[in-house]
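Examination of the molecular architecture
Letter by letter, the chains look like this.
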Amino acid sequence: MDPLPSWNDGWAKAAILDFVERATRERSPDFVPVPERIAVFDHDGTLWVERPVQAQIYFTLDRLAGIAARDPALRARQPYKAFLERDLATIAGFSRREAFEVAFTTHSGLTTAEFLDAASSWFKSAKHPILGRLFTECVYLPQLELLDYLRAHRFKPFVVTGGGVEFVRSIAEQLYGIPPEQVVGSSNKTRVESGPGGPAIFALPEVRSFDDREEKVVNIELHIGRRPRLAFGNSDGDLRMLQYTGRGGGARLRLLLHHDDAAREFSYDREFRLSPLDEALRMAPAEGFTVVSIKNDWKAVFPA
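All residue numbers refer to position in the chain's written sequence, counted from 1. Since the coordinates come from a predicted model, pLDDT governs what is reported: local features require at least 70, and pairs of side-chain atoms require 80 or more to be given and counted, while whole-chain, interface and lining totals use all residues. Values shown for side chains rest on all heavy atoms present in the structure; no hydrogens or waters enter the calculation.

1. Brief notes about the packing of aromatic side chains
Aromatic contacts are taken between Phe, Tyr and Trp rings whose centres are within 6.5 Å, Trp giving its six-membered ring; a plane angle under 30 degrees counts as stacked, one over 60 as edge-to-face, and the others as tilted. The final tally for this structure, using the stated rule, is 16 aromatic pairs. Here the aromatic rings of Trp 7 and Trp 298 are separated by 5.9 Å at their centres, their planes lie at 75 degrees, and the arrangement is edge-to-face. Separated by 291 residues along the polypeptide, Trp 7 in the segment before helix H1 (11-24) and Trp 298 in the segment after helix H12 (294-297) bring together distant segments of the chain. For every residue, the accessible area obtained with a 1.4 Å probe (protein chains only) is divided by the maximum for its type, and the residue is called buried under 20%, exposed over 50%, and partly exposed between those limits. When its relative accessible area of 0% is taken as the criterion, Trp 7 is described as buried. Taking the relative accessible area as the measure of exposure, Trp 298 reaches 1% and is therefore buried. For the pair Phe 100 and Phe 104, a centre-to-centre distance of 6.3 Å together with 55 degrees between the ring planes defines the contact as tilted. A residue pair is termed a helical-turn pair when its members lie 3 or 4 positions apart in one helix, as Phe 100 and Phe 104 do in helix H5 (residues 96-105) at four residues. For the residue pair Phe 100 and Phe 104, the accessibility class agrees, reading buried in each case. When the ring centre of Tyr 268 is taken as origin, the NZ or CZ atom of Arg 51, which lies over that ring, is 5.0 Å away. In this analysis the charged atom, NZ for Lys or CZ for Arg, is taken to sit over a ring once it is within 6 Å of the ring centre and within 35 degrees of the ring normal. The side chain of Arg 51 reaches across the aromatic face of Phe 272, ending 4.2 Å from its centre. Helix and strand definitions follow DSSP, with helices as H or I runs of at least four residues and strands as E runs of at least two, each counted in order from the N terminus.

Below is the structure:
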């Protein structure tokens, strides 16, 4: 039985099958012991849709009005002004950090449990404005198959994302079978307060760690503690993670998803400032990255 039925036969699929075979065959010179079978996946644009802007930005648009009511001065300041006016064209021109720092303010003042409840509730009805699907239905079917295939061969997959860690944890287990402790992401500074129910963690309006570019490597070391054997990304923000994964012996695989299918999803790379794919794409041949074309390598993009 084909373990990756939504993948077309070709170089990318062959590279995945070959990697898993070499990594798990005990007499292989590239054999990887089970504890070292770590796979890391970026989230936005790698496991689900990120255009025209990331899902967390839409969540922020829906929540920021209440925050602005308490602090009206935000309406005159960028990047808050663009969010409050729902000016997606301006938002898409911000850097990823500029946009997501606004997103992190929606967590401020809430306990972790309160934020998870708010995000989970939003996901029940929030729809992608162009695709017309629930955001939870905008996951990539070939990636779900890949995650299952890796788990069947005793790999442990992690999400390593520039998005807010609590936002992604609110849906990662439901969508990907990845539990909260296997999600690494950007985070707010926090404080602990004691109450009738015991200590509670509250988010502050300051970024503790923005999990992008070099910071992804820092957080993999901090939170996972092992160098991955497989890394899958889709932007320059994932370049250092892919390079880090490739160093060392044994079986290793670095995959780079290229959005080149305007008919079934979106077509973009260098021009998307929120998550550009430029340097990593140019370096792919020299670095040995396997570039996965949505148009050519995937039979289907979304679940039926």
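2. Points about helix H8 (residues 165-176)
A large share of H8 lies buried, amounting to nine of its 12 residues. All of the buried residues in H8 are Val 165, Glu 166, Phe 167, Val 168, Ser 170, Ile 171, Ala 172, Leu 175 and Tyr 176. The contact rule is simple, with two residues in contact once any of their heavy atoms fall within 4.5 Å. Structurally, H8 contributes buried residues whose contacts are with helix H2 (55-70), helix H6 (112-123), helix H7 (141-152), strand S2 (156-164) and strand S3 (183-195). A positive phi of about 70 degrees marks Gly 177, the residue just after H8.

3. Things to note about the pattern of salt bridges
Where charged atoms from two side chains of opposite charge approach closely, those side chains can pair. Any carboxyl oxygen of Asp or Glu within 4 Å of a side-chain nitrogen of Lys or Arg constitutes a salt bridge here. Tallied over the full model, the rule gives 23 salt bridges. In this structure, Asp 42 and Lys 216 form a salt bridge, with 3.0 Å as the shortest nitrogen-oxygen distance. One end of the pair, Asp 42, is in the loop between strand S1 (38-41) and H2; the other, Lys 216, is in helix H9 (residues 214-223), and 174 residues separate them in sequence. In this pair, the class of Asp 42 matches that of Lys 216, namely buried. Here the residues in one salt-bridge network are Asp 269, Arg 270, Asp 278 and Arg 282, joined through shared partners.

4. Quick notes on unusual backbone geometry
Cis geometry marks the peptide bond from Arg 51 to Pro 52; its omega dihedral reads 5 degrees. Residue Pro 79 is bonded to the preceding Gln 78 through a cis peptide linkage, with omega at 5 degrees. Secondary-structure assignment places Pro 79 in the loop between H2 and helix H3 (80-84). One non-glycine residue, Arg 86, lies in positive phi territory at about 55 degrees. Tracing the backbone through its elements, the reader meets Arg 86 in the loop between H3 and helix H4 (88-91). Here Arg 86 falls in the partly exposed class, since its relative accessible area comes to 45%. Look at Arg 154: it is not a glycine, yet its phi comes out positive at around 65 degrees. In this structure, Arg 154 sits in the loop between H7 and S2.

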